[in-house]
Amino acid sequence: MNAPAIPMTFKCRAHDAVHDAQLRRNFRGAMDFLMAKRAAQFPDGDELERLRSFGNAVRARALSKLPELLERLETNLTRNGVKVHWAETVDEANAIVHDIVRAHEARQVIKGKSMVSEEMEMNHYLEGHGVDCLESDMGEFIVQLGNEKPSHIIMPAIHLNAGQVASLFHDKLEVDYTEDVDRLIQIGRETLRRKFYEADIGVSGVNFAVAETGSLLLVENEGNGRMSTTVPPVHIAVTGIEKVVENLRDVVPLLSLLTRSATGQPITTYVNVISGPRKAEELDGPQEVHLVLLDNGRSQAFADSELRQTLNCIRCGACMNHCPVYTRIGGHAYGTVYPGPIGKIITPHMLGLEATKDLPSASSLCGACGEVCPVKIPIPAILRRLREENVRAPDDEPRHMRGQGSKYSRAEGLAWKGWRLLNTSPRLYRLFNLAATRLSALTPPKLGPWTEHHSAPKAAPRSLHELAREHLGED
Amino acid sequence: MSAKERILAKLGRSLAGTTPIADDYDQALVTTPWTYAPEQRIPRLRELLEAVHGETHLTTTDGWPARVVDALSARGIDELLISPDTPHGQQFAAHIAAIGKSVRLKSYDRPVEAWKDELFFGTPASLTGTLGGISATGSLILWPTTAEPRLMSLVPPLHIALLKASEVYDNLYSVLQAQSWAEGLPTNALLVSGPSKTADIQQTLAYGAHGPKELIVLILEDA
Amino acid sequence: MSNGTSNTASNATRLAPPLAAARTYPEQKPSDVYLFGTCVLDLFFPDAGMDAIRLLEREGIRVHFPQGQSCCGQPAYTSGYTDDAREVARAQLALFARDWPVVVPSGSCAGMFRHHYPELFAGEPDTLKQVDALSARTYELAEFLLEVCKIRLEDRGAPVKVALHTSCSARREMGTHVHGRALLAQLEQVERVDHDHESECCGFGGTFSVRMPDIAGAMVRDKTAALKGSGAAEVVSADCGCLLNINGAFEKQYERLRGEHLASFLLRRSGGKADGGQS
């Protein structure tokens, strides 16, 4: 995988993104739209808070018995005729998919939307083995056509406007230029319908894997998820090991939270519950259904009870929709499959902190993400924790994360020790204040990055300590 | 060790000495806010379906076939995919015969592989039953069967669904309970809440992405 | 729903804390309070600190300002230097020994006392007791004036339109954006105007603004543009970090608008200094 090199350039990408006026407009407009849609779905703040707590409890309960639920899931899926595979790494997961592809001599794979398949870079992998891998979600299709990556986990092509899609379709599909969205979607429909018809294998993600019934639940609006999981003779679902829930009824609060938080819909057009391959008497559906359960660093997050909360995520994208940083730079600047706040806290487990060390710092810790998270992941607290892991001495024990200590700097550590000394020694602090106030005129006009956007701050002539002492006496 | 054993061992080690969180399921929270007076159920379902471009009509057990004929002729469609093995399929066939209208009835009576081309490119409309509806979200419940397979409600551009008024439930939780979903699910169970749609281009809603472009729900008030 | 994990092992899967009940406030105004001035205010906005003291004194409260105070520890805490933050926090703890309320003219530092000190000292049961007690008697200034002092402000100023920027911690950790609004609403001639994306962060975020200058710069440019676009003649905020950020950006842009601390604005509008003119 070459992905680890990408996040290293986070600051460069962010720099370019904030200066791209079109991109800024596209994202601001889209995020405002999604925030308003979500808000309209939760008119009752009390219901929202209680439901978020409920969602949190359902996810936490599942994680509190994850090994047992995964085994129950496998048992029940197997009983239903679904073949379950386990993969620790993306390479293993790709190899499993490739084995299935080879066994069926498949040439064409059609994909429903799956972020885990993005983690695996499955398209790239399969294409390297001579297999066509086509995205069928309209947003994913557009992104693939433009040789890009998704910029949002729910709305992959959100960085493009209709005009940009029109140009893309005109260039790549050789159709007449039109910015009419209905027409553009019909072009996508016609192109992809033929592909559903021809595909040998359908690939999908999973929104919830239900241990109790051995079922895979998928939500979507377009119907491409149903197509991908019904038309081709083989269906391969790929998902993370954390996606399991205990009982079918647990899906009820999570589904409500997911669709309302993600796109502000009471429910998606389709909720698709798959519990097995085609039975002998049935006339359609795949002959084979496979589930690939992928770890890819999740078990590292799981090992620490604070970081484990990251795995509550139901991938609604509300954290990015409400994030002032994501709104400014868009999804691509992160250079990771999962952008935005959730990306900052999950990706370090997938790629290691050395490859993602700038991500935890790219937040003002404003708390908007944690406020809207439907399963109450304390994202700001976890970002702070990752900063701690980042600056830990590299040989520090215990080892919580791959790449911990990647931002360790002796000089910065010493600077904080100095800061600590200053702030724990009243006399030193008083002396410092005296110097800062009396020598305020000597403040240099340029103070590193701060003065790119601000004038240099000048200390007041006298500190509050002095003024208060004068007014109130020593205390 | 296999990948499975290694993953489970890691997860197990991380939970050593802990006990699972108890199941404190808050049933009231997923039912009480989503409970309706009987006379509100259908209006709410219709309102939500129509908000996402679903078409709904109130009709009766005797009256619905004429509605279907009207809907088809309004669209210039002269054929319909319908199951001859369901009571509603038989009723519609009888209706067509009685009025002498030329609607060609097709049935999904062989595996998809045997007629995929026609299903995909030569079947403009289908009619299926449902297992009920959900007021809270404006949803139809479908459990595809051999008589009405999965693709019947997905591939044709127009899907007409029959919904019995007596089978409209308040919310998903009550459906799972009333229909005992956890005790046995079909290969595929579905909630359908409108025609296929997407907002993937500049948040502009467009209907007919990959599934039906139109969904007509005929609500049988006396059933 | 459960009120905690079903076991107390440190590796137990965590549940979100139970929904907090609304904060209850003492019936009686206290005779004495501590003021924790905060380090940014100390150096850059000391007048705001004095104005907070005068507002409290005008309410008949004796204000104590322990001279040993420095910083709440937040800069190190949010930068991941947890041990350094803890020691600075420990130094503050010792200064507020009496059971008087601690009033903080900053939502962000008040949030540090109330919500993050208990996290910092979670591993020290004895200190934690002290920390919990401190946390329980810590108030953000606007909250304290409104809910505990039940202050009544009489507006003596000319009609003016004011935009209120609330810091993210004041809004999300302390819930005090409502208090700032309520205090401004008491001033008859003051019309509070909304600004675009009002609840959005100004881009300060402590060290964030120097670590990620491009992003933080874009955020503060949008914030200052929104404040300018609101039609307000004055900008008010109860957090000096935000004020440092917003005012520094205004100055860089050669704008005349400046943010003022809420304490200074309230005091100025409602008749100035405390009776007795100690200052």
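If you're wondering where the values come from, they're calculated on a predicted model, not measured in any experiment. (Residues numbered from 1 in each chain as written. Chains lettered and ligands numbered in written order. Predicted model: local features only at pLDDT ≥ 70, side-chain atom pairs only at ≥ 80, totals over all residues. Heavy atoms only, no water.)

Here's the deal with the sheet that holds strand 4 (residues 138-140) of chain C
Residue and element names in this part refer to chain C. Our working rule: We call two strands paired when DSSP finds no fewer than two bridges between them. The numbering of helices and of strands both runs from the N terminus, where a helix is a DSSP run of H or I of at least 4 residues and a strand a run of E of at least 2. Here an axis means a line fitted to C-alpha atoms, over the contact stretch when the element is a helix, while the angle between two N-to-C directions is reported on a 0 to 180 degree scale. When checking whether two residues touch, look at their non-hydrogen atoms; a contact exists if any pair is within 4.5 Å.
Spatial strand order, 2-1-3-4: 4 strands in an open sheet with parallel pairing. For this open sheet the edge positions go to strand 2 (62-64) and strand 4, each flanked by a neighbour on one side alone. Neighbour to neighbour, the strand axes of the sheet diverge by 35° on average, direction disregarded. Where strand 3 (residues 102-104) meets strand 4, 3 bridges bridge the pair, whose relative direction is parallel. Looking at strand 4, one finds that Val104 is bridged to Glu140. Lying over the sheet, helix 7 (residues 141-148) contacts strand 1 (32-35), strand 3 and strand 4, oriented at roughly 100° with respect to strand 4.

Comments concerning the domain arrangement of chain C
Residue and element names in this part refer to chain C. Threshold: Residue ranges for the domains trace back to a domain assignment, done automatically or taken from a database. By convention, the term buried area covers the 1.4 Å-probe accessible surface removed from two parts as they join, with the contributions of both added. Throughout this description, the term salt bridge denotes a Lys or Arg side-chain nitrogen within 4 Å of a carboxyl oxygen of Asp or Glu.
Here chain C is described as being made up of domain 1 (32-147) and domain 2 (153-269). Taken over C-alpha atoms, the centre of domain 1 sits 22 Å from the centre of domain 2. With 29 residues of domain 1 at the interface, the matching set in domain 2 holds 27 residues. Approximately 2,100 Å² of surface area, both sides summed, lies buried where domain 1 meets domain 2, with 68% of it carried by carbon and sulfur atoms. Counting the contacts that link domain 1 with domain 2 gives 0 salt bridges.

Considering helix 8 (residues 138-145) of chain A
Using the following cut-off: Buried residues are those whose accessible area, probed at 1.4 Å on protein chains only, stays under 20% of the maximum for their type, while exposed residues exceed 50% and partly exposed ones sit between those limits. Counting of polar contacts relies on pairs of N or O atoms within 3.5 Å, with two restrictions inside protein: one atom must be capable of donating a hydrogen and the other of accepting it, and residues adjacent in sequence are counted only when both atoms are side-chain atoms.
For helix 8 of chain A, a buried count of 7 out of 8 residues is recorded, marking the element as mostly surrounded by other parts of the structure. All of the buried residues in helix 8 of chain A are A:Met138, A:Gly139, A:Glu140, A:Phe141, A:Ile142, A:Val143 and A:Leu145. The inward-facing, buried residues of helix 8 of chain A contact helix 6 (115-120), strand 3 (132-135), helix 9 (162-172) and helix 10 (181-198) of chain A together with strand 10 (197-198) of chain B. A side-chain oxygen of the first residue of helix 8 of chain A lies 3.0 Å from the backbone nitrogen of A:Gly139; this N-cap is A:Asp137. Residue A:Asn147 follows helix 8 of chain A closely and has a positive phi angle near 60°.

Topic: the pairing of strand 6 (residues 215-220) of chain A
Residue and element names in this part refer to chain A. Here strand 6 lies mainly inside the structure; 6 of its 6 residues are buried. Of the two faces of strand 6, the one carrying Ser215, Leu217 and Val219 and the one carrying Leu216, Leu218 and Glu220 are both buried. Here 3 bridges tie strand 5 (residues 208-210) to strand 6, and the two strands are oriented antiparallel to one another. In the sheet register, Val210 faces strand 6, and the bridge partner there is Ser215. Where strand 5 folds back onto strand 6 in an antiparallel hairpin, the turn is made up of 4 residues, including Gly214, whose phi is positive at roughly 65°. Direction of pairing for strand 6 relative to strand 9 (residues 270-274): antiparallel, over a ladder of 5 bridges. Residue pairing in the sheet places Val219 in a bridge with Val271 of strand 9.

Some words on the sheet that holds strand 9 (residues 188-192) of chain B
For sheets, the rule is that strands pair by backbone hydrogen bonds, running either parallel or antiparallel. Pairing within the open sheet is mixed, and its 8 strands lie in the order 8(A)-5(A)-6(A)-9(A)-9(B)-6(B)-5(B)-8(B). Only two strands of the sheet have a single partner each, and these edge strands are strand 8 (244-245) of chain A together with strand 8 (168-169) of chain B. Looking at chain direction, strand 5 of chain A and strand 8 of chain A are connected through 2 bridges and run parallel. Bridge pairing in strand 8 of chain A links A:Val210 to A:Val245. Against the sheet, helix 12 (residues 251-263) of chain A engages strand 5, strand 6, strand 8 and strand 9 of chain A, with an angle of about 175° to strand 5 of chain A.

Notes on the interface of chain B and chain A
Cut-off, in case you're wondering: When residues are sorted by character, Ala, Val, Leu, Ile, Met, Phe, Trp, Tyr, Cys and Pro go into the nonpolar class, Asp, Glu, Lys and Arg into the charged class, and all the rest, Gly among them, into the polar class.
Of the residues lining the interface, 74 residues belong to chain B; the matching set on chain A comes to 94 residues. The contact between chain B and chain A buries some 7,500 Å² in all, and 61% of this surface belongs to carbon and sulfur atoms. Where chain B touches chain A, the interface holds 7 salt bridges. B:Asp23 is the partner of A:Arg61 in a salt bridge, and the nearest nitrogen-oxygen pair spans 3.2 Å. Taken together, the links from chain B to chain A amount to 45 residue pairs in polar contact (both at pLDDT 80 or more). Residue contributions to the side of chain B that touches chain A peak at 9 residues, all from helix 1 (residues 3-14) of chain B. Broken down by class, the residue content of the side of chain B that touches chain A amounts to 42 nonpolar, 18 polar and 14 charged.

Structural notes on the packing of helix 4 (residues 64-74) of chain B against helix 5 (residues 87-99) of chain B
Residue and element names in this part refer to chain B. We apply this condition: Should an angle fall under 35 degrees it is taken as roughly parallel, and over 145 as roughly antiparallel, whereas 65 to 115 is taken as roughly perpendicular and any remaining angle as oblique. By convention the crossing between two helices is left-handed if the near helix lies anticlockwise of the far one by an angle smaller than a right angle, and right-handed if it lies clockwise.
Direction vectors running N to C along helix 4 and helix 5 enclose 70°, while the axes themselves pass 9 Å from each other. Taken together, the axis directions place helix 4 and helix 5 in an arrangement best described as roughly perpendicular. Helix 5 is crossed by helix 4, and the crossing has right-handed handedness. Every residue of helix 5 that contacts helix 4 at Trp64, Pro65, Ala66, Val68 and Val69 is listed here: His88, Gln91, Phe92, His95, Ile96 and Ile99. Each residue belonging to the contact of helix 4 with helix 5 can be placed in one class, and the counts come to 8 nonpolar, 3 polar and no charged.

Examining the nonpolar core
Counted only if it meets this: Here, nonpolar core means buried Ala, Val, Leu, Ile, Met, Phe, Trp, Tyr and Cys residues that are tied together by side-chain atoms lying within 4.5 Å of each other.
Of all hydrophobic cores here, the largest spans 143 residues; its most connected members are A:Ile329 and B:Trp181. With 7 residues, helix 12 of chain A is the largest single contributor of residues to this core. One finds C:Ala52, C:Tyr139, C:Cys202 and C:Leu257 within the second-largest nonpolar core, a separate group that totals 56 residues.

Comments concerning the interface of chain A and chain C
Taken together, the 78 residues of chain A in the interface contact 77 residues of chain C. Between chain A and chain C, roughly 6,800 Å² of surface is buried when both sides are summed, and carbon and sulfur atoms account for 61% of that area. When residues of chain A are sorted by the area they lose upon contact with chain C, A:His453, A:Leu464 and A:His471 head the list and together hold 11% of the total. Here chain A and chain C share 8 salt bridges between them. Ionic pairing is found between A:Arg28 and C:Glu200, a salt bridge with its closest N-O pair at 2.9 Å. Across the chain A-chain C interface, the total number found is 39 residue pairs in polar contact (both at pLDDT 80 or more). Broken down by element, the side of chain A that touches chain C gets its largest block of residues, 9 residues, from helix 3 (residues 45-64) of chain A. In terms of residue class, the side of chain A that touches chain C is made up of 30 nonpolar, 23 polar and 25 charged.

Focus on the pattern of salt bridges
Residue and element names in this part refer to chain C. Under the criterion given, the structure shown has 62 salt bridges over all chains. Among the salt bridges present, the one from Asp32 reaches Arg62, with a minimum N-O distance of 2.9 Å. One end of the pair, Asp32, is in strand 1; the other, Arg62, is in strand 2, with 30 residues separating them in the sequence. Judged by its relative accessible area of 53%, Arg62 falls in the exposed class.

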